[in-house]
Amino acid sequence: MRWSKSYLPTYKEVPKDAEIPSHQLMLRAGMIRSLTSGVYSFLPLGYRVLHKIETIVREEMNRIGSQEVQMPVLHPGELYEETGRLKNFGELLFQLKDRRGRLFALGPTHEEVVTDIARAELKSYRQLPQTLYQILVKFRDEFRPRFGVMRAREFMMKDAYSFHASQESLQETYDSMAGAYHRILERFGLEAVQVEAESGAIGGDINHEFIVLANAGESVIFRCPSCGYAANDERAVSLGASTLEKESSGKMETVATPGQHTVEEVSGFFKVSPQRLVKTLLYKSGEKNIAALVPGDRELNEIKFAKAIGDPDARPMTPEEVTALTQAPVGFAGPVGLDGVHIVADELLNDYDGMIVGANQADAHTRGVKMGRDFTAAQVARISMVVEGDRCTNCDTGRLKLSRGVEIGHIFKLDVKYSKAMGATFLDKDGQEKAFIMGCYGFGVSRAVAATIEQHYDEKGIRWPKALSPFHVIVTPLNLSDAGTVSTMESIYTDLGVAGFDVLLDDRDLRPGPKFKDAELIGVPVRVTLGERNLKDGRCELYYRLEDRTDVVAITDVVAKVREYYAL
RNA sequence: CGGGGCGUGGCGCAGUCCGGUAGCGCACCUGCUUUGGGAGCAGGGAGUCGGAGGUUCAAAUCCUCUCGCCCCGACCA
């Protein structure tokens, strides 16, 4: 490609609406342009990367026997009524009506559609297992689109779906899909971690996320360095803090704590660690009042809490409801003497002797409170979030470490959730009609572009891993007024192209400075610099962006050198 | 949706408080010079100041409504 004839606009300045490095660099390098919030065009440079990602994903999917299909983007609303997801997906679903007023949705994912396909054709266990995948645009009306293509409302996803007659068969495909994801990420040159996760709107129980480690990522994961346990923050469990400061339960005592609402304020007031406090969080589940008790240094894990009480629709009480129940303003609730409230205590509180809690009166807390003696928990369950440094549940010796990252893939065992709801059945060996056991496997293709940049950039711009760079080589002639430079650049450009490399020829009539800056910004791993001072000796310079290394070579050796570099 | 910020040539911004008919840097076009790290000189093109309504002799500036974008929180590939 010749730069002078290409749509490759670059910006020197950082666009003001872009926050994270990948978004800034994608805009500056002319990879994407925003049409409206969360909706992007991929310009030639960005599209090339997207295409390389798709190609690798496709190769690895085909390799494990997954078959490529293309399902519709436009979905009839009834399909979602069958599985109850019209309500479940809620406002995340882009909905529209046809001219007759019939409801449609823009596909956010394709469990319903693929299950509809399968129920028509797959009738016998002899036809199983089957795995189908597609690489298709998806639509989700995100509450908050953010960070460019990282969280967009329209995005490219690879989604695969598998159908099985047995759990063993599902496990086999699940494992080979995880293996494919690892190979894909390795080929991309990304450092990623597979973690246990929660399933969200997709459903099912067993599921894993693939997290590309990056500071700008929105996902938080915990890992144990000694046994390898890894889970996202929603799923993670632990044995609690490595050191627990104990509060004596000798005598219960109510202390005036004027104006001290937050954990920080109260622990500061008592001059103790926040651990010794216990937060009382009040929820409404229908008409029922529920109190969640968690250690003062931890957040409530709402997913685990919802599971514990068996109500996904439980909501925090409004300040008015809190005041009506506790006779005190928000910030002073406690479990002692809370009548008519179902108390759910975090499992970690079993290790507590005494605790400091709200006194259910304004400006007062009670210390020395003992669970079982001073109040009774109706239920004990692990409902608090993990914090860094916690003892690992899996091995009890490691201390959990927190990392941030980008969720690039998510695989799920769906079991019969969709097949059962949609009556998708087959005849098994034993002559019984059974619902398909299913799995589904998502991979964020457009997100992968951004995630890759998050892991590969420097102050100069993007540093594309070899496999994903939009070009293998950029040829940079420094002086287009020099006839020798021009003829050399043409022959090198041709030779590299013939050798099978993607080559960008920077034939713009610019001075060297801006050309170098642009080449570094768009991140091509190899630059061939053609300057008169080397050309007169029949040589030119190779600059390796990833290694930050330069090499002066004979012009006749350029193709061989580039070939050698990419063969490594 | 709740909270905050911002909309002025392609990009980044000033001007808004205190009304007087739009400016700076970069980019772009033409010419000459220059050619190993975002060149110099000269000339030039480009903006209904997000939109609608209002106040006024006069509105980027004041008032009302509205649309959009970004950031912080609840979702997920």
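From a predicted model like this one, the values you see are computed outputs, not experimental measurements.

The next point concerns the layout of surface pockets. Of the volumes computed, that of the second largest pocket is approximately 500 Å³. The wall of the second largest pocket is formed by 24 residues, among which K279, T280, L281, V330 and G331 lie closest to the centre. Secondary structure elements with two or more residues in the lining of the second largest pocket: α7 (263-270), β14 (278-285) and β18 (355-358). Ranked by residues supplied to the lining of the second largest pocket, first place goes to β14 with six residues. Partitioning the lining of the second largest pocket into residue classes produces 16 nonpolar, six polar and two charged.

The next thing to look at is the packing of aromatic side chains. Summed over the entire model, instances satisfying the criterion amount to 12 aromatic pairs. Geometrically, the ring pair formed by F188 and F443 is edge-to-face, given 6.2 Å between the ring centres and 70° between the ring planes. Note that F188 is positioned in helix α6 (residues 167-188) and F443 in strand β24 (residues 437-444), a separation of 255 residues in sequence. Here F188 falls in the buried class, since its relative accessible area comes to 0%. Judged by relative accessible area, which is 0%, F443 ranks as buried. Through a chain of ring-to-ring contacts, the aromatic side chains of Y181, F188, F210 and F443 assemble into a single cluster. Over the aromatic face of Y174 sits the side chain of K413, whose NZ or CZ is 5.4 Å from the ring centroid. Lying over the aromatic face of W3, R508 brings its terminal NZ or CZ to 3.7 Å of the ring centre.

Below, the discussion takes up the protein's contact with RNA strand B. Neighbouring residues of RNA strand B: 51 residues in total, closest T36, R144, S481, E520 and E541. Among the atoms of RNA strand B close to the protein, meaning within 4 Å, 45% are from sugar or phosphate groups. S481 places a side-chain nitrogen or oxygen 2.7 Å from a base oxygen of RNA strand B. Between RNA strand B and the protein, one listed contact pairs a sugar or linking oxygen with a backbone N or O atom of P514 at 3.5 Å. Those elements that place two or more of their residues in the surface near RNA strand B are β8 (154-164), β21 (401-415), β24, α13 (512-522), β29 (526-530) and α14 (532-535). In the surface near RNA strand B, the residues fall into 19 nonpolar, 12 polar and 20 charged.

Parameters at a glance
- Residues numbered from 1 in each chain as written.
- Chains lettered and ligands numbered in written order.
- Predicted model: local features only at pLDDT ≥ 70, side-chain atom pairs only at ≥ 80, totals over all residues.
- Heavy atoms only, no water.
- 1 Å grid on protein atoms, 1.4 Å probe; cavity = no way out; pocket = protein on both sides within 12 Å on 5 of 7 lines; lining within 4 Å.
- Points joined across faces, edges and corners; volume = space filled by probe spheres on them.
- Helix = DSSP H or I, 4+ residues; strand = E, 2+ residues; numbered from the N terminus.
- Nonpolar A, V, L, I, M, F, W, Y, C, P; charged D, E, K, R; others polar.
- Phe/Tyr/Trp six-rings, centres within 6.5 Å; stacked < 30°, edge-to-face > 60°.
- Buried < 20%, exposed > 50% of the residue type's maximum accessible area, 1.4 Å probe, protein only.
- Lys NZ or Arg CZ within 6 Å of the ring centre and 35° of its normal.
- Near = heavy atom within 4 Å.
- Polar contact = N/O pair within 3.5 Å; in protein donor to acceptor, adjacent residues only side chain to side chain.

Keep in mind these numbers describe shape, not what the thing actually does.
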